[in-house]
Structures are given as C-alpha cells and as structure tokens.
Amino acid sequence: MPHNNGTVFVAIGSLTQAMRAQEALSRAAIPSTVKKSASARGHGCVHGVQISALQENNAMQVLYAHKIHVRERISE
C-alpha cells in the first residue's frame, strides 16, 4: 500500500480496456480518469486509469474481479 495521499496510474494497455476499467471502477464508486502515459518499462505508450492512492487496494480488487489485466502500477 502506498505511503502517500497522491495518485496511482494503473497501466492497463489498450484504450478500450482502460475505458472498461473506468466503467468497472465507477460501478464500485471509485473515481478514476482514463489517461495515456509512457510505459515505465520503455515500451511506448500505454493507456490506463488514474486513481487515488487511498483507493488502490479496492480498485485492484475490482479490476481483478472483472478480469482486467494490470500491466503495472505507478505512484505519482
């Protein structure tokens, strides 16, 4: 769990999957924003959702339950 009150970028992959993730999070009352970011692994751009660091654990459970693959998590 992060030790700050910032945000976390959850890298998903395609824009379609990021929008699917945002919809699943919205249904669980977890606010998120779809964003495009450079991959921390240096493989170009990746789409994902930005969430509050305080909601990270809850968001991961929602994404897992909806079978949405998370490529990486980046604390911002």
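Further up the page is the structure itself.
Note that the structure is a prediction, hence the values are computed from the model and not measured.

How would you sum up the pattern of salt bridges? Please name residues and give values.
A full pass over the atoms with the stated rule returns two salt bridges. Residue R27 pairs with E23 through a salt bridge whose shortest N-O separation is 2.6 Å. With R27 and E23 both in helix α1 (residues 15-27) and four residues apart, the pair spans about one turn of that helix. The partner of R73 in a salt bridge is E56, and the shortest N-O contact between them spans 3.4 Å.

Describe unusual backbone geometry, naming the residues involved and giving the relevant values.
For A29, which is not glycine, the phi torsion reads 65° and is therefore positive. By secondary structure assignment, the location of A29 is in the loop between α1 and β2 (33-38). The exposed category is assigned to A29, whose relative accessible area is 65%. Look at K67: it is not a glycine, yet its phi comes out positive at around 55°. Here K67 is to be found in the loop between α2 (56-65) and β4 (72-75).

Requested: an account of α2, with residues and values cited.
Buried residues of α2: E56, A59, M60, V62 and L63, and no others. Projection of α2 onto a plane perpendicular to its axis shows the buried side chains occupying an angular sector of 160°, all on one side. Facing away from the buried surface of α2 by more than 90 degrees, the exposed residues are Q61, Y64 and A65. Among the structural elements, β1 (7-13), α1, β3 (45-52) and β4 are those in contact with the buried residues of α2. Just past α2, the residue K67 takes up positive phi, approximately 55°.

Describe in detail the nonpolar core, supporting the description with residues and values.
With 15 residues, the main nonpolar core has V10, L25, I51 and L63 as its most contacted residues. Elements with a contribution of two residues or more to this core: β1, α1, β3 and α2. No other element matches the four residues that α2 contributes to this core. For L25, the contacting residues outside a window of four places in its chain are I30, S32, V49, I51, A59, V62 and L63.

Conventions adopted
Residues numbered from 1 in each chain as written. Predicted model: local features only at pLDDT ≥ 70, side-chain atom pairs only at ≥ 80, totals over all residues. Heavy atoms only, no water. Salt bridge = Lys/Arg side-chain N within 4 Å of Asp/Glu carboxyl O. Helix = DSSP H or I, 4+ residues; strand = E, 2+ residues; numbered from the N terminus. Buried < 20%, exposed > 50% of the residue type's maximum accessible area, 1.4 Å probe, protein only. Arc of directions from axis to C-beta. Contact = heavy atoms within 4.5 Å. Core = buried A, V, L, I, M, F, W, Y, C linked by side-chain atoms within 4.5 Å.

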